[in-house]
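Residues per chain, in single letters:
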Amino acid sequence: MNKVAESISARAAAETDATQHPLRLARRMERLGTETAFEVLVKARALEAKGRDIVHLEIGEPDFDTPANIIDAATDALHKGFTHYGPSAGLPELRDTIAQYVGETRGINVTADEVVVVPGGKPIIFFAILALAEDGDEVIYPNPGFPIYESMINYVGAKAVPIRLREELDFRLDVDELSALINDRTKLVILNSPQNPTGGVLEKEDIEAIADIIGDRDIMVLTDEIYSRLIFEGEHHSIMSIDGMKERCILLDGFSKTYAMTGWRMGYGIMRADLATHIARLMTNSNSCTASFTQVAGIEALRGPQESVDNMCAEFKKRRDVTVNGLNEIKGFSCRLPKGAFYVFPNIKKTEWRSKKLADALLEDAGVAALSGTAFGDFGEGYLRFSVANSIENIEKALERVGSWADKNL
Ligand SMILES: Cc1ncc(COP(=O)(O)O)c(C=O)c1O
């Protein structure tokens with residue numbers, strides 16, 4: 001049999017297998033969403049494999065290397081035998097270090113038993129929603145927003161209630177709208193500041209007003225602060241710092257964005273100790289623990305020199321300015337100046353193109369990978385997300401390509 005015939009017969013055999021034993025997924029899998037950034041990356045890589053030159057502005061990760069002192073701490077830990085299982089909630093020394101760090105940065109008292117270390121920031125979203133929300137509950141989440149919130153709320157069978165982030169408010173949420181969405185079924189409110197995908201940052205007054213609205217209701221708040229160190233104007237404010245809110249908050253933060261450690265997989269949640277034991281139980285049931293040598297490196301990240309964080313933030317700010325200025329020169333595009341994170345979220349309504357179609361065209365015709373605003377929910381229609389985690393040279397190349405594409409096609 002030649003190669004083509006062999007492959008056809010193998011495929012036919014596989015199809016027969018598939019029909020003989022259909023995959024009987026649990027129904028809940030139909031409700032699980034995804035993160036489009038990874039799909040666009042695959043598409044962009046396929047074009048590159050065919051010889052196309054693509055500028056990558058789709059990825060949500062720093063393009064910097066992890067600082068050398070952190071890498072040294074990890075290799076040292078490997079040689080010292082941190083190659084075994086550790087406690088599900090994290091190594092005691094790292095939990096202590098995180099408690100101190102969050103205590104200082106948020107102006108609250110945090111103890112180690114209120115810290116759970118997990119592989120990345122994402123598992124805190126996964127576990128918190130899994131532990132708290134179920135059929136009959138409502139969860140309010142930002143839209144446009146990180147797609148995993150909506151995906152997980154749907155997955156656990158709760159009702160996903162979007163709060164629209166509006167451009168005219170610089171993508172801070174409208175507190176009156178939030179108030180109107182809260183009812184007796186509201187179990188959880190998700191906040192994210194600085195925000196992905198818009199770069200919006202909640203001001204102190206916003207946080208205070210949100211706490212006021214929640215009042216003394218029995219509602220938990222998942223406050224996703226993974227970009228807390230990437231702020232260009234003003235300061236980071238956490239709802240967990242507000243009197244009376246601490247025991248109703250789960251604060252998510254981590255190492256991925258702050259220390260350019262996305263591939264290390266390490267993040268954490270701060271929450272009341274009784275909830276922490278349940279989240280640790282979910283860790284026992286899923287991962288056992290976060291990699292031990294990675295956690296030793298995490299201690300170095302928090303206690304060691306912090307210049308790399310400041311330098312990275314200053315560089316992102318420069319790139320943000322170049323990107324926003326450039327986009328505002330492009331026909332049909334208008335872009336506000338985001339105050340944090342490393343994304344810009346231009347309005348493309350004047351192009352009269354749907355976001356997804358425009359993102360596809362920019363990738364295929366102009367060789368620029370960006371994400372459709374709708375990858376972040378229905379209220380992302382009319383916008384695109386560009387990540388500025390690429391060099392100024394590449395950002396300028398992308399802007400030029402998008403600009404000439406717009407001149408030709410709009
Ligand atoms: C808002 C937000 N939360 C959480 C995460 C997850 O971060 P990690 O890579 O540490 O899981 C991301 C990553 O893009 C994010 O944008």
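Everything quoted here is computed from the prediction, not taken from an experiment.

A.B. asks: How do you make sense of the environment of threonine 186 when you look at a structure like this?
C.D. replies: By the secondary structure assignment, threonine 186 is in strand β5 (residues 186-192). Judged by relative accessible area, threonine 186 falls into the buried class, the value being 5%. Excluding residues within four positions of it along the chain, threonine 186 makes contact with Glu138, Ile140, Leu181 and Ile219. Here the side chain of threonine 186 touches asparagine 183 through a polar contact of 2.9 Å, landing on its backbone nitrogen.

A.B. asks: Just to check I follow, could you spell out the nonpolar core for this structure?
C.D. replies: Soluble, globular proteins show a tendency: their nonpolar side chains are buried together. Of all hydrophobic cores here, the largest spans 69 residues; its most connected members are Ile129, Ile190, Ile250, Phe333 and Phe386. Once you skip the residues sitting within four places of it in the chain, isoleucine 250 turns out to touch Ile124, Ala128, Leu132, Met220, Val221, Leu222, Thr223, Ile270, Met271 and Leu275. Ala74, Ala99, Val161 and Met245 belong to the second-largest nonpolar core, a separate cluster that totals 51 residues.

A.B. asks: I would appreciate a short explanation of the sheet that holds strand β2 (residues 115-118) in the present structure.
C.D. replies: Backbone hydrogen bonds are what pair the strands of a sheet, in a parallel or an antiparallel way. Read across the open sheet, the 7 strands follow the order β2-β8-β7-β6-β5-β3-β4; overall the sheet is mixed. Edge strands, defined here as strands with exactly one partner in the open sheet, are β2 and β4 (159-164). Along the sheet, successive strands turn relative to each other by an average axial angle of 20°, direction set aside. In this sheet, β4 lies alongside strand β3 (residues 138-143) in parallel orientation, the contact comprising 6 bridges. Its bridge partner lying in β4, isoleucine 140 is registered against valine 161. Here helix α6 (residues 147-155) sits on the sheet in contact with β3, β4, β5 and β6 (220-224), set at roughly 160° to β3.

A.B. asks: Would you mind showing me how to read the pairing of strand β8 (residues 267-270) here?
C.D. replies: Walk down a regular strand and you will see the side chains alternate between the two sheet faces. Here β8 shows two buried faces, one formed by Gly267 and Gly269 and the other by Tyr268 and Ile270. As judged from the 4 bridges shared by β2 and β8, these two strands associate in the antiparallel manner. The residue bridging valine 117 from the neighbouring strand is tyrosine 268, located in β8. Two strands pair when backbone bridges link them, and strand β7 (residues 249-254) and β8 are joined in this way by 4 bridges, in the antiparallel orientation. Directly across from leucine 252, in β8, lies its bridge partner glycine 269.

A.B. asks: Is there a simple way to explain the site of the ligand in this structure?
C.D. replies: The environment of the ligand is made up of 13 residues, and the closest members are Gly121, Asp224, Tyr227, Ser256 and Lys257. Side-chain polar atom of tyrosine 227 to an oxygen atom of the ligand: 2.7 Å apart, as the coordinates give it. One nitrogen or oxygen atom from the side chain of serine 256 is found 2.6 Å from an oxygen atom belonging to the ligand. About the coverage of the ligand: the protein hides 94% of its 390 Å² of free accessible area. Looking at the shell around the ligand, its residues break down into 4 nonpolar, 5 polar and 4 charged.

A.B. asks: Any chance you could explain α6 here in plain terms?
C.D. replies: An α-helix turns once every 3.6 residues. As a result, residues three or four positions apart point the same way. Where burial is concerned, most of α6 is hidden: 7 out of the 9 residues are buried. Taken residue by residue, α6 has Pro147, Ile148, Tyr149, Ser151, Met152, Ile153 and Tyr155 as its buried positions. Considering only its buried residues, α6 is in contact with α5 (122-132), β3, β4, β5 and β6.

A.B. asks: Is there a simple way to explain the environment of asparagine 154 in this structure?
C.D. replies: Assignment of secondary structure puts asparagine 154 in helix α6. Expressed as a C-alpha distance, the spacing of asparagine 154 and leucine 32, which sit 122 residues apart in the sequence, is 6.7 Å. Beyond its immediate sequence surroundings of up to four residues, asparagine 154 is in contact with Arg31 and Ala160.

A.B. asks: What is the right way to look at the sheet that holds strand β12 (residues 384-387) in this model?
C.D. replies: Strand order in the open sheet formed by 3 strands is β9-β12-β11, with antiparallel pairing between adjacent strands. Unpaired on one side and paired on the other, β9 (343-344) and β11 (371-372) mark the two borders of the sheet. Note that β9 and β12 share 2 bridges and pair antiparallel. From the neighbouring strand, tyrosine 343 faces β12, where its bridge partner is serine 387.

About the cut-offs
- Residues numbered from 1 in each chain as written.
- Predicted model: local features only at pLDDT ≥ 70, side-chain atom pairs only at ≥ 80, totals over all residues.
- Heavy atoms only, no water.
- Helix = DSSP H or I, 4+ residues; strand = E, 2+ residues; numbered from the N terminus.
- Buried < 20%, exposed > 50% of the residue type's maximum accessible area, 1.4 Å probe, protein only.
- Contact = heavy atoms within 4.5 Å.
- Polar contact = N/O pair within 3.5 Å; in protein donor to acceptor, adjacent residues only side chain to side chain.
- Core = buried A, V, L, I, M, F, W, Y, C linked by side-chain atoms within 4.5 Å.
- Pairing = 2+ DSSP bridges.
- Axes fitted to C-alpha atoms, helices over the stretch in contact; angles between N-to-C directions.
- Near = heavy atom within 4 Å.
- Areas by Shrake-Rupley, 256 points an atom, 1.4 Å probe, with all protein chains shown as cover.
- Nonpolar A, V, L, I, M, F, W, Y, C, P; charged D, E, K, R; others polar.

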